[in-house]
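For reference, the chains in residue letters:
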Amino acid sequence: MMIHDGFNQWRKLETLCDEDRKKLLNMTDEEMKDSFYQELAFGTAGLRGKIGPGTNRMNEQVIARATRGLAGVIEKRGQKAMDRGVAIAWDVRERSERFMEVAASMLASCGIQVHIFSGIRPTPMLSFAVRELRTQAGIVVTASHNPKEYNGYKVYWKEGSQIRDDIADEISREIAKFDYSVWPEKSFDEYKDEGFIHIIDEALEEKYYALTLAKAVEEDIKKDISIVYTPLNGTGNLPVRRVFKARGFDIIHLVEEQTEPDSSFKSVGYPNPEDFKAFEKALALGKEVDADILIATDPDCDRVALVAKDASGEFIPFTGNQTGALLLEYILSRREVKGDLPANGAVVKSIVTGDIGRRICDHFGVAMFDALTGFKNICALANEWDDTGAYEFLFGYEESIGYVYGDHVRDKDAVVTSMMVAEMAAYYLSIDKRLPEVLGEIFKAYGYQGEKLLSVVKEGQEGQALIQGIMADLRENPISSVESLKVEKVVDYAEGVEGIGTSNVLEYHLDDGSCFFVRPSGTEPKIKLYIYTNDKDEEKAKEKIEWIESAVLRRFDLK
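What you see is a predicted model; the values in this text were computed from it and never measured.

Enquirer: In this structure, what is going on with the overall build of the chain? I would like to understand it.
Expert: Of regular secondary structure, the chain possesses 19 helices and 21 strands. The C-alpha radius of gyration of the chain comes to 23 Å, within 12% of the 24 Å expected for a compact globule of 559 residues. Projecting the C-alpha coordinates of the chain onto the three principal axes gives extents of approximately 65 × 55 × 50 Å. Classification of the 559 residues of the chain by burial places 59% in the buried group. Split by element, the accessible area of the chain, about 22,600 Å² in all, is 46% carbon and sulfur. Averaged over its 70 positive side-chain charges, the chain has a centre that lies 1 Å from the centre of its 96 negative ones.

Enquirer: Is there a simple way to think about the sheet that holds strand 18 (residues 485-492) in this case?
Expert: Across a sheet, strands are paired by hydrogen bonds formed along the backbone, either parallel or antiparallel in direction. If you walk across this open sheet you meet the 6 strands as 16-21-20-19-18-17, and the pairing is antiparallel. Both edges of this open sheet fall to strand 16 (449-457) and strand 17 (481-482), since each of them pairs with a single strand only. Here strand 20 (residues 515-520) pairs with strand 21 (residues 526-534) via 6 bridges, running antiparallel. Paired with proline 520 across the two strands is isoleucine 527, which belongs to strand 21.

Enquirer: So what exactly am I meant to see when it comes to the sheet that holds strand 11 (residues 315-317) here?
Expert: The strand order across the open sheet built from 5 strands is 8-7-9-10-11, with neighbouring strands paired in mixed fashion. Strand pairing shows two members of the sheet lacking a second neighbour, strand 8 (252-254) and strand 11, which therefore form its edges. Shown here is a sheet whose adjacent strand axes are inclined to one another by a mean of 25°, direction ignored. Packing of helix 16 (residues 414-430) onto the sheet brings it into contact with strand 7 (227-230), strand 9 (293-297) and strand 10 (304-309), and relative to strand 9 it is tilted by some 175°.

Enquirer: Would you take a moment to explain empty space enclosed by the protein for this structure?
Expert: In this structure the tally under the stated criterion is 3 cavities of 30 Å³ or more. For the largest cavity, the full set of lining residues is Leu454, Val456, Ile470, Val518, Ile527, Lys528, Leu529, Val552, Leu553, Phe556 and Leu558. Elements supplying a minimum of two residues to the lining of the largest cavity: strand 16, strand 21 and helix 19 (538-556). Residues that form the lining of the largest cavity fall into these classes: 10 nonpolar, no polar and 1 charged.

Enquirer: Explanation requested: the pairing of strand 2 (residues 86-90) in the structure shown.
Expert: Working note: regular strand, side chains alternate between the two faces of the sheet. Most of strand 2 is tucked away: 5 of the 5 residues are buried. Of the two faces of strand 2, the one lined by Val86, Ile88 and Trp90 and the one lined by Ala87 and Ala89 are each fully buried. Where strand 2 meets strand 3 (residues 114-116), 3 bridges bridge the pair, whose relative direction is parallel. For valine 86, the partnering residue across the bridge sits in strand 3 and is valine 114. In this region the chain leaves strand 2, passes through helix 6 (residues 96-109) and returns to the parallel neighbour strand 3; the handedness of that crossover is right-handed. Where strand 2 and strand 4 (residues 137-141) come together, 5 bridges link them in parallel fashion. Bridge pairing in strand 4 links tryptophan 90 to valine 141.

Enquirer: How do you make sense of the packing of helix 7 (residues 123-133) against helix 10 (residues 202-213) when you look at a structure like this?
Expert: Helix packing geometry: the angle between the two helix axes and the distance between the axes. Relative orientation of the contacting elements helix 7 and helix 10 amounts to 110°, with a least axis distance of 10 Å. Classed by the angle they form, the pair helix 7 and helix 10 counts as roughly perpendicular. On helix 10, the residues that touch Pro124, Met125, Phe128, Ala129, Glu132 and Leu133 of helix 7 are Leu204, Glu205, Lys207, Tyr208, Tyr209 and Leu211.

Enquirer: Sorry if this is basic, but what is going on with the nonpolar core here?
Expert: Proteins that are soluble and globular tend to have nonpolar side chains buried together. Judged by nonpolar contacts, the single largest core of 100 residues is most densely connected at Ile293, Leu328, Leu332, Phe395, Met420 and Leu435. At 12 residues, the largest contribution of residues to this core is made by helix 16. Residues Leu40, Ala71, Trp157 and Ile163 belong to the second largest nonpolar core, which totals 53 residues.

Enquirer: Whenever I open this one, helix 7 confuses me. Can you help?
Expert: In an α-helix, one turn spans 3.6 residues; hence positions three or four apart end up facing the same way. In terms of burial, helix 7 is largely enclosed, as 8 of its 11 residues are buried. Regarding helix 7, the residues found buried are Thr123, Pro124, Met125, Leu126, Ser127, Phe128, Ala129 and Val130. One or two steps after helix 7, the chain reaches arginine 134, where phi turns positive at roughly 55°.

Enquirer: Sorry if this is basic, but what is going on with the pattern of salt bridges here?
Expert: Opposite charge on two side chains makes pairing possible when the charged atoms of those side chains draw close. As enumerated under the stated definition, the model contains 47 salt bridges in all. The partner of arginine 555 in a salt bridge is aspartate 473, with the nearest N and O atoms 2.7 Å apart. Here the residue arginine 555 occupies a position in helix 19, and aspartate 473 occupies one in helix 18 (residues 460-476), the gap between them amounting to 82 residues. Looking at arginine 555, the relative accessible area reads 32%, which means it is partly exposed. One salt-bridge network, in which partners are shared between bridges, spans Glu19, Asp20, Lys23, Glu60 and Arg95.

Enquirer: Please clarify how the packing of aromatic side chains should be interpreted in this entry.
Expert: Within a pair of aromatic rings, the relevant descriptors are the distance that separates the centres and the angle that separates the planes. Tallied over the full model, the rule gives 21 aromatic pairs. Ring plane angle 85° and centroid distance 6.5 Å describe the contact between phenylalanine 517 and tyrosine 532, whose orientation is recorded as edge-to-face. Within this pair, whereas phenylalanine 517 is found in strand 20, its partner tyrosine 532 is found in strand 21, the two being separated by 15 residues in sequence. Tyrosine 532 matches phenylalanine 517 in its accessibility class, with the two residues each being buried. One aromatic cluster is present, formed by Phe7, Trp10, Phe36 and Tyr180 through successive ring pairs. Over the ring of tyrosine 180 we find arginine 65, and its NZ or CZ is 4.5 Å from the ring centre. Sitting over the ring of tyrosine 405, lysine 215 keeps its end group 4.7 Å from the ring centre.

Each value, and the rule that gives it
Residues numbered from 1 in each chain as written. Predicted model: local features only at pLDDT ≥ 70, side-chain atom pairs only at ≥ 80, totals over all residues. Heavy atoms only, no water. Helix = DSSP H or I, 4+ residues; strand = E, 2+ residues; numbered from the N terminus. Rg over C-alpha atoms; globule rule 2.2 N^0.38 Å. Buried < 20%, exposed > 50% of the residue type's maximum accessible area, 1.4 Å probe, protein only. Areas by Shrake-Rupley, 256 points an atom, 1.4 Å probe, with all protein chains shown as cover. Lys, Arg positive; Asp, Glu negative; His and termini not counted. Charge placed at Lys NZ, Arg CZ, Asp CG, Glu CD. Pairing = 2+ DSSP bridges. Axes fitted to C-alpha atoms, helices over the stretch in contact; angles between N-to-C directions. Contact = heavy atoms within 4.5 Å. 1 Å grid on protein atoms, 1.4 Å probe; cavity = no way out; pocket = protein on both sides within 12 Å on 5 of 7 lines; lining within 4 Å. Points joined across faces, edges and corners; volume = space filled by probe spheres on them. Nonpolar A, V, L, I, M, F, W, Y, C, P; charged D, E, K, R; others polar. Right-handed = clockwise from strand over helix to strand, strands pointing away. Parallel < 35°, antiparallel > 145°, perpendicular 65-115°, else oblique. Core = buried A, V, L, I, M, F, W, Y, C linked by side-chain atoms within 4.5 Å. Salt bridge = Lys/Arg side-chain N within 4 Å of Asp/Glu carboxyl O. Phe/Tyr/Trp six-rings, centres within 6.5 Å; stacked < 30°, edge-to-face > 60°. Lys NZ or Arg CZ within 6 Å of the ring centre and 35° of its normal.

Right under this line is the structure:
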């Protein structure tokens, strides 16, 4: 489709909201190009993009068309699947509630039952609802941690985890059957009155909280830990505070400007707790109240980041790998002491997550499995084990601050993770240890792991071409050495790896045990470089990180 043709067709759509119609008619040539040069691709992460009119934007027309495709897939599975229906949740972002209404109405217009929450809810609660209500699918309207200009649409399948390639491809084929004029026959309120759209009973939410609280490992510990918590103006405020209160963690200091929902995220800008800048206000409050730990959850409350005070009073931020290692060591060690660590217990991490967790699992006799990036792949193994009984899923995590503990949710869950982080920190304080000290003990016991993640943003058509060119060049002309380190092996996941699958990822193994990964993001216009170095000397491990970073960035003139 030529750009001007797409523009002309789009402005004729009767369903455009006033805001989008105004934007459309005032577009510059460059804005038109960015909005129409491609269709927003539907994949295993669903849809994600900037809000606005156009085929490459998030808007009501894109949502309606995508949902009609999902409805087609459900229709093929028969009346039983249609009656089981779809559960939908949404977050605080601009137009999220409206996108939910369009999606719910589109499903209802196809005769599919819809279950919605009474207001904003965290993503893990949607995963739980799909499992508990036994719906055929689920939808979350969210752009997770992306900037305020973005929104997204994530699809879940009947197991409660996000769809994988087979279902995503099937939905994509159905979407292609419709143009952007497809629209529900009636309004959201009419379908609600007719009984196609149901409000989820509060009893379901109560069960979610009960099962979350049941994951506590140490009940009888002092609860006098001082916690600063920020939901970054997202959905985590009420759920996380509720589990803190239920567990007896009463010394909770909230970052006032970031407590209430705010689609503009004006108090934080970029609401990604993985970026330490998001902790600016939490850190100031932590110093003021002399907190022990700082916890931040992202807007849809599926990811959580941790900062903890050391013995000298300095606040130390933890990477996703480090928090994962701390949680693994804590959960496995305490459950071993209690005698309830299952003989067939298993942990799953993503391929780009560091290997220190594997060494911890080996120590406790727990199996560790690798999966492709994304919790849809991490939880796919848990789904498989539900059927086979081969392993009992204990914990899943990835370096990008996503964790899940237990089996009532099949996605990242910042509610249960926040609870476990608070419990873990309180337990170690009860034996006069702070988390930075505990991490040092983990490194001493299992070996130091140097790490760094670099994300280079390249937006638009040119950026997409550049990222594709980088991956193609690395495949045609692989890096053979980094300073004094030789590349021993290159794993190209695009060719498929037995037991793991296929993905656009390159993994380089160096002769000293260090490794690095190059991977385009599946949800953002970024190319990512993950670096892990091994060395007995911490400073040498850090120097190796600089070598690898320089070698890759210099080759492609990236900054």
